[in-house]
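Below are the chains, spelled out letter by letter.
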Amino acid sequence: QVQLVESGGGLVQAGGSLRLSCAASGSIFSISAMGWYRQAPGKQRELVAAISTSGRTNYADSVKGRFTISRDNTKDTAYLQMNSLKPEDTAAYYCNAAGPYRTYWGQGTQVTVSS
């Protein structure tokens, strides 16, 4: 079992920055890839960024060049650095971790970008 706890969301003006954190606990040795998803009201949850155990990353086209995902294995924590935020980035952001039998989700943290 893996538990994920996100933090770092909040209200920010367009053009600003936020850094999200995802702390993993439990059977962390079983975690392979980790990722960040987001879900805006009335829309499906979508992948924002993902990172493998080796550090390989991939991003949604809408956030490339603005967001950076990273992983600190010592702290068992994943991060999402969000720069040049836009109002369309407004969503609940969820951390995800891939385990051997299932994926795990955090509770979500709200990011709101004002104009």
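These numbers come from a predicted model, not from an experiment. (Residues numbered from 1 in each chain as written. Predicted model: local features only at pLDDT ≥ 70, side-chain atom pairs only at ≥ 80, totals over all residues. Heavy atoms only, no water.)

A. A look at the packing of aromatic side chains. Enumeration according to the criterion identifies one aromatic pair in this entry. Taking the centre distance of 4.9 Å and the plane angle of 65 degrees together, the rings of Y37 and W105 count as edge-to-face. In this pair, Y37 is assigned in strand β4 (residues 34–39) and W105 in strand β10 (residues 103–105), connecting sequence segments 68 residues apart. For W105, a relative accessible area of 36% gives the class partly exposed. R19 extends its terminal NZ or CZ atom over the ring of Y79, reaching a point 4.0 Å from the ring centre. Note that R45 overlies the ring of W105, its terminal NZ or CZ placed 4.7 Å from the centroid. (Phe/Tyr/Trp six-rings, centres within 6.5 Å; stacked < 30°, edge-to-face > 60°. Helix = DSSP H or I, 4+ residues; strand = E, 2+ residues; numbered from the N terminus. Buried < 20%, exposed > 50% of the residue type's maximum accessible area, 1.4 Å probe, protein only. Lys NZ or Arg CZ within 6 Å of the ring centre and 35° of its normal.)

B. Geometry of the pattern of salt bridges. Overall, the coordinates contain four salt bridges when judged by the stated rule. The residue K64 makes a salt bridge to D61 at a minimum N-O spacing of 3.1 Å. Counted as one network, the salt bridges with shared partners bring together R38, E46, R66 and D89. (Salt bridge = Lys/Arg side-chain N within 4 Å of Asp/Glu carboxyl O.)

C. Quick peek at unusual backbone geometry. For S84, which is not glycine, the phi torsion reads 50 degrees and is therefore positive. By secondary structure assignment, the location of S84 is in the loop between β8 (77–82) and β9 (91–98).

D. Up close: the environment of G65. Positionally, G65 belongs in the loop between β6 (57–59) and β7 (67–72). Assessed through its relative accessible area of 82%, G65 is described here as exposed. Put simply, G65 and V48 are 17 residues apart on the chain and 12 Å apart in space, counted from C-alpha to C-alpha.

E. Inspection of the sheet that holds β8 at higher detail. Reading across from one edge, β1-β3-β8-β7 is the order of the four strands in this open sheet, with antiparallel pairing throughout. Each edge of the open sheet carries a strand with a single partner, namely β1 (2–7) and β7. With strand direction ignored, the average angle separating the axes of adjacent strands in the sheet is 15 degrees. As judged from the six bridges shared by β1 and strand β3 (residues 18–26), these two strands associate in the antiparallel manner. (Pairing = 2+ DSSP bridges. Axes fitted to C-alpha atoms, helices over the stretch in contact; angles between N-to-C directions.)

F. Examining the side chain of S21 more closely. Among the structural elements, S21 can be located in strand β3. Here S21 is in contact with V5, E6, S7, W36, T77, A78 and Y79, once residues within four sequence places are set aside. (Contact = heavy atoms within 4.5 Å.)

G. Fine view of the nonpolar core. Counting 28 residues, the largest nonpolar core has L4, M34, W36, L80, M82 and Y93 as the members making the most contacts within it. Once residues within four sequence positions are removed from consideration, L80 is found in contact with L18, R19, L20, W36, V48, A49, F67, T68, I69 and Y93. (Core = buried A, V, L, I, M, F, W, Y, C linked by side-chain atoms within 4.5 Å.)

H. How the structure looks around the pairing of β7. Note that β7 and β8 share six bridges and pair antiparallel. The partner of D72 across the bridge, within β8, is T77. Where β7 folds back onto β8 in an antiparallel hairpin, the turn is made up of four residues, including D76, whose phi is positive at roughly 55 degrees.

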